[in-house]
Amino acid sequence: MRHGKKDNHLGRTHSHREALLQNLATSLIMHKRVETTVAKAKELRKFVEPILTRAKDDTYQNRRVVFQTLHNKETIKELFGAVADKIASRPGGYTRIIKLGNRLGDNAETCLIELVDFNELLIAAVAEKAATTTKTRRSRRGGSRQAATTEASAATATSTEATPAEEAPAATTTSGDDLTKIEGIGPKIAELLNNAGIITFAQLAEAQDETIQQVLTDAGPRFNVHDATTWNEQAALARDGKWDELSELQDRLKGGKEE
């Protein structure tokens, strides 16, 4: 009986399983993200995170222990160099698993496992959100007396001067569009574009093809195979409200793919 044994053998012998995890860990350290199945990713996370913790202390003994596990000099060099510098201030949780759905063929549940500190898009989005939240709280808590003084001085201003100041924030408010209406853009790609600052049809229509392709390339090999050459044209039609023309264009694109 195997009561309490939570390790997934992955349908392999011990030596085959160890070789598999070694190769996945090497690819993760060298390329910073790997696309695999959810079951393998969960076992890889338990396998590689203790290695990453040991790499934060660059000693001769730690290098010997890690080399006994990975057996690759280039991987050891990258691990104790660029990777160790990035994760130096993180107390754990070095990896992130992003589910991608089931793949064709065996219908296995696939995912993308990546090193958290090497996803620049998400790091920038989280930092921007944290800065906005911090400014809002400080202005409400600490600026009560200054706000009262400002309101008293502002009461003496004329109504014509106050009107533009009140209308200015409303002019900067921008609501996002549903980018999934563009043929070739799904929920995952729409989320990537939103993180890159492209949230409306107008912004997508004006974006350069190189910029969009760079966003897809940074997201991994699953996304950089998409053809984004027609997204600008479709977004321009959606921006102008020409839905009938957009539907005709998408029908032609679907017909071309079927041929």
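Note that the structure is predicted; figures quoted are calculated from it, not measured. (Residues numbered from 1 in each chain as written. Predicted model: local features only at pLDDT ≥ 70, side-chain atom pairs only at ≥ 80, totals over all residues. Heavy atoms only, no water.)

### Comments concerning the pattern of salt bridges
For clarity, the cut-off: The term salt bridge refers to a side-chain nitrogen of Lys or Arg lying within 4 Å of a carboxyl oxygen of Asp or Glu. Note on conventions: DSSP H or I runs of at least 4 residues are helices, E runs of at least 2 residues are strands, and numbering of each starts at the N terminus. We call a residue buried when its accessible area falls under 20% of the maximum for its residue type, exposed when it is over 50%, and partly exposed in between, using a 1.4 Å probe and counting protein chains only.
Using the criterion set out here, one finds 12 salt bridges in the structure. Notably, a salt bridge pairs Glu43 with Arg17, separated by 2.5 Å at the nearest N-O pair. Of the two residues, Glu43 is situated in helix H2 (residues 38-55) and Arg17 in helix H1 (residues 14-31); the sequence distance between them amounts to 26 residues. Judged by relative accessible area, which is 6%, Glu43 ranks as buried. Residue classification places Arg17 among the buried residues on the basis of a relative accessible area of 14%. Salt-bridge contacts for Arg90 lead to Asp117; the nearest nitrogen and oxygen are separated by 3.0 Å. Separated by 27 residues along the polypeptide, Arg90 in the loop between helix H4 (73-86) and strand E2 (95-102) and Asp117 in the loop between strand E3 (109-115) and helix H5 (120-141) bring together distant segments of the chain.

### A short note on the sheet that holds E3
Think of a sheet as strands paired side by side through backbone hydrogen bonds, with each pair either parallel or antiparallel. Here is the rule we go by: When DSSP finds two or more bridges between two strands, those strands count as paired. Convention adopted: a line fitted to C-alpha atoms gives each axis, helices being fitted over their contacting stretch, and angles between N-to-C directions are expressed from 0 to 180 degrees.
If you trace the 3 strands from one edge of the open sheet to the other, you get E1-E3-E2, paired in antiparallel fashion. The two strands at the open ends of the sheet, each matched to only one other strand, are strand E1 (33-37) and E2. The mean inter-strand angle of the sheet, taken between neighbouring strand axes irrespective of direction, is 25 degrees. Note that E2 and E3 share 7 bridges and pair antiparallel. Residue pairing for E3: Ile97 is matched across the bridge by Ile113.

### So, the side chain of Glu43
What counts, and what does not: Here a polar contact is recorded for every N or O atom pair within 3.5 Å, except that within protein the pair must consist of a potential hydrogen donor and a potential acceptor, and residues adjacent in sequence are included only if both atoms are side-chain atoms. Any two residues whose heavy atoms approach within 4.5 Å are treated as being in contact.
At 3.4 Å, the side chain of Glu43 and the backbone nitrogen of Asn8 are in polar contact. If sequence neighbours within four positions are ignored, Glu43 has contacts with Asp7, Asn8, Leu10, Arg17 and Leu21.

### Description of the nonpolar core
Our working rule: Side-chain atoms within 4.5 Å are what join buried Ala, Val, Leu, Ile, Met, Phe, Trp, Tyr and Cys residues into a set we call a nonpolar core.
Leu44, Leu52, Val66, Leu70, Leu79 and Val83 are the most contacted members of the largest nonpolar core, which totals 28 residues. In terms of residue count, the dominant contributor to this core is H2 (8 residues).

### A few points about the pairing of E3
Most of E3 is tucked away: 6 of the 7 residues are buried. Where E2 hands over to E3, the hairpin turn is made up of 6 residues, of which Gly105 adopts a positive phi near 105 degrees.

All quantities given are derived from atomic positions and should not be read as evidence of function.
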